[in-house]
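Structural overview
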Amino acid sequence: MGALPLTKALHAVAVLALVAACGAPDDTLVTRAGDGLTIGIRFDQPGLGLRRADGRHVGFDVDVARYVAAELGVDEEGITWREARPADREALIEDGSVDFVVASYSITDERRKRVAFAGPYFETGQGLLVRFTDTGITGPDALDGRGLCSVKGSTSAQKVRDGFARGVRLVEYGDYAACVTALLVGKVDAVTTDEAILAGYVAANPELLKLVGEPFSTERYGIGLAKDDTAGRAAVDAALEEMVRSGEWRAALERNLGGSGMDLPEAPHLPGG
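Note that the coordinates shown come from a computational prediction; the quantities given were computed from them, not determined experimentally. (Residues numbered from 1 in each chain as written. Predicted model: local features only at pLDDT ≥ 70, side-chain atom pairs only at ≥ 80, totals over all residues. Heavy atoms only, no water.)

**Some details on the overall build of the protein chain**
The number of helices and strands found in the protein chain is 10 helices and 13 strands. In the protein chain, which comprises 273 residues, the proportion classed as buried is 50%. Pairs at least 24 residues apart make up 69% of the contacts formed inside the protein chain by residues separated by at least 6 positions. Total accessible area computed for the protein chain in this model is approximately 12200 Å², and 50% of it derives from carbon and sulfur atoms. (Helix = DSSP H or I, 4+ residues; strand = E, 2+ residues; numbered from the N terminus. Buried < 20%, exposed > 50% of the residue type's maximum accessible area, 1.4 Å probe, protein only. Contact = heavy atoms within 4.5 Å. Areas by Shrake-Rupley, 256 points an atom, 1.4 Å probe, with all protein chains shown as cover.)

**Things to note about the state of the cysteines**
Applying the stated criterion across every chain yields a total of 1 disulfide. The partner cysteine of C149 in its disulfide is C179, sulfur to sulfur 2.1 Å. Taking the sign of the S-S torsion, -70 degrees for the link of C149 and C179, the bridge is left-handed. Taken together, the positions of C149 in strand β9 (residues 147–151) and C179 in helix α7 (residues 176–184) put the pair 30 residues apart, joining distant regions of the chain. Taking relative accessible area as the criterion, C149 reaches 0% and is therefore assigned buried. On the basis of relative accessible area, C179 is assigned to the buried category, the value being 0%. (Disulfide = S-S within 2.5 Å.)

**Here we look at the sheet that holds strand β3 (residues 49–51)**
Ordered in space as β2-β3-β4, the 3 strands form an open sheet in which the pairing is antiparallel. The sheet is open, and its two borders are formed by β2 (44–45) and β4 (57–58), each paired with just one other strand. Where β2 meets β3, 2 bridges bridge the pair, whose relative direction is antiparallel. Counterpart to D44 in the pairing with β3 is L50. (Pairing = 2+ DSSP bridges.)

**With respect to the pairing of strand β11 (residues 190–194)**
The element β11 is extensively covered by neighbouring structure, given that 5 of its 5 residues are classed as buried. The pairing of strand β8 (residues 126–131) with β11 spans 4 bridges and is classified as antiparallel. Residue pairing for β11: Q126 is matched across the bridge by D194. Both β9 and β11 contribute to a ladder of 2 bridges, which runs parallel.

**What to know about helix α9 (residues 230–246)**
Given a rise of 1.5 Å per residue, 17 residues ought to cover 24 Å, and the 24 Å separating the end C-alpha atoms of α9 matches this to within 8%. Those residues of α9 that sit buried are A231, G232, A235, V236, D237, A239, L240 and M243. G247 sits one or two positions beyond α9 and adopts a positive phi of about 90 degrees. (Expected span 1.5 Å × (residues − 1).)

**Some thoughts on the nonpolar core**
By size, the foremost hydrophobic cluster in this structure holds 58 residues, and its most contacted members are I39, F100, L129 and I223. In terms of residues, this core owes the most to one element, helix α3 (residues 60–71), which gives 7 residues. Ignoring sequence-local partners within four residues, the contact set of F100 consists of L29, L37, T38, I39, G40, A65, V68, I223, G224 and L225. By size, the runner-up hydrophobic cluster in this structure holds 11 residues, among which are I137, A157, V160 and A165. (Core = buried A, V, L, I, M, F, W, Y, C linked by side-chain atoms within 4.5 Å.)

**Brief notes about the layout of surface pockets**
The space that makes up the largest pocket amounts to roughly 640 Å³. Lining the largest pocket are 27 residues, with P86, R89, S154, Y176 and T193 positioned closest to its centre. Of all elements in the fold, only β2, α6 (156–163) and β11 reach the threshold of two or more residues within the lining of the largest pocket. (1 Å grid on protein atoms, 1.4 Å probe; cavity = no way out; pocket = protein on both sides within 12 Å on 5 of 7 lines; lining within 4 Å. Points joined across faces, edges and corners; volume = space filled by probe spheres on them.)

Geometric descriptors of this kind do not, in isolation, establish any biological role.
Laid out in structure tokens, this is it:
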């Protein structure tokens, strides 16, 4: 690993001292960081977690992950990025394939049965993506008779049918990129999932896509790590608090999603904040 700035190095030493003072087990996220970190992110979500053609990883989640790693004493050269698809996230954490996951990972009671969460570091809600020229769809209640796309296994589209538009035509694809392509060529009329995910596609294609309506659910993104790693969770929460305090959280959000037309939220309240 390359040398860290002095302030980061001092912070890492302080975190290690805190772990030792708490009598934490030897095998924690913090103690493992000395050998570098393997971090699970999405590779296919513009604005949040995307692997570009040149191999570089970019997005708000990626910036959060980098900041947390730096606060734990690990710079860019010490990070190994691993793709964390939704169906694989708990297993990757449980079997030790990754040290933590930052991948539009909503905190739920069901997931807490298998993993621990630091944060939340971001709050969003379910939204709608439509073509830029479409003036007929202004929210989920305007989707009767329209084609609505979401990914296979997701409950997002069904929530629209159950709560807003019984006559909506549901279409499923394997990933959101396929949904967006179907939207652009006119095979569907809207795409639904977390607004933050949709906002990344708008930021990448502002002349072709737009968000409509207000979010109609609440999702709180957290950083997933081993279920019993109390010290690691505390260290990640401390890193998130510092990211917010320093202004880098807001800067990263504006850098990655500022061009989407989405109302950028304030930082959520953190456990130690």
